[in-house]
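Coordinate inspection notes
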Amino acid sequence: ITRFPLIPIRGVPLMSCIAQNWDPIWAFRPDPSDLLIATYPKAGTTWTQEIVDLLIHNGDAEACKRAPTPVRSPFLEIHSPPPIPSGLDLLKTMDPPRVIKTHLPFQLVPPGFWENKCKAIYVARNAKDNLVSYYHFDCMNKTQPEPGPWDGYIHKFMRGELSWGSWYDHVKGYWVEREKRNILYLFYEDMKENPRREVERIMRYLDMSVSDEVISKIVELTSFKNMKENPMANYSCVPAPVFDHSVSPFMRKGEVGDWKNHFTPEQSKMFDEDYEKQMKDANIPFRTLI
Ligand code: A3P
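Residues numbered from 1 in each chain as written. Predicted model: local features only at pLDDT ≥ 70, side-chain atom pairs only at ≥ 80, totals over all residues. Heavy atoms only, no water.

Let's talk about unusual backbone geometry
Each neighbour pair has its own omega, and for Pro 96 with Pro 97 the value is 0°, a cis peptide bond. Here Pro 97 lies in the loop between α5 (87-93) and β4 (99-102). Following Ala 240, the chain continues to Pro 241 via a peptide bond in cis, the omega torsion being 10°. Checked against the element boundaries, Pro 241 lands in the loop between α13 (224-229) and α14 (265-278). The backbone phi angle of Arg 10 is positive, close to 45°, even though this residue is not glycine. With respect to the element layout, Arg 10 can be found in the loop between β1 (6-9) and β2 (12-15). For Arg 10, a relative accessible area of 54% gives the class exposed. (Helix = DSSP H or I, 4+ residues; strand = E, 2+ residues; numbered from the N terminus. Buried < 20%, exposed > 50% of the residue type's maximum accessible area, 1.4 Å probe, protein only.)

Looking at the pattern of salt bridges
Counting across every chain of the model gives 19 salt bridges. Ionic pairing is found between Glu 161 and Arg 159, a salt bridge with its closest N-O pair at 2.8 Å. When its relative accessible area of 36% is taken as the criterion, Glu 161 is described as partly exposed. Residue class for Arg 159 comes out exposed when judged on its relative accessible area of 52%. (Salt bridge = Lys/Arg side-chain N within 4 Å of Asp/Glu carboxyl O.)

This is the structure:
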């Protein structure tokens, strides 16, 4: 297994297997009916994918299992080692409407999405929890660059040196475009606080209408506990040596405020001071506790 080095595309560090395949990604033409789910890694991508998938299938978990691929939104899974086909190849085998996942920052999303007025859901998670989750993920995902020690990892995050670039630029990039591009901008903390409200918000955005019972079922099926046991959601389909679930399970903790168990008071202070500078004028209502 290769821990891919990072290569910048327009200043954004991407895994070499993505950067070297950049032209077909940029040229990708989605169908207007395709839905994009965009996140900085570890912000709640899989949770949102699961909710959307269940909404599309009217809460029928069995129908979701009959989807064409266990990794259901394959657009950027192009780093999967052979024989798993690349995301772009998988998309060619799937009929629209498709749910397509990306971790690309706004400015690197293939322009076809906006030209075709595709719907897009963005999920953001507070910086500290997002960073903690990403650290554990980089320890277990053997295709990502070595995370190194925790303290150094915090600084890499602050400098935007991790795979997919700066968290700060990422959340701001989609935030400023959300109205013009009709992007539904969600927060992980809101989903934790009131999952039903957020599932309904997604339903309305997708112009769907499902019954109250189905909403309740979706909320139940997408609880952390149930998703952790669901092989369609817990990434057990990507076993070692690619994802070493014994290092850290993909469904790790699923909580708001776990950063308190990782940051020392000094690290937290230093991080907050830098955060103030980087997020000045952003006005994005993040919460690090609920
Ligand atoms: P933790 O590492 O903090 O546990 P992504 O899907 O973007 O990679 O994000 C993964 C993070 O979302 C992990 O965070 C994972 O546990 C959390 N997560 C996934 N499903 C969840 C759910 N149903 N409820 C709460 N958190 C969930």
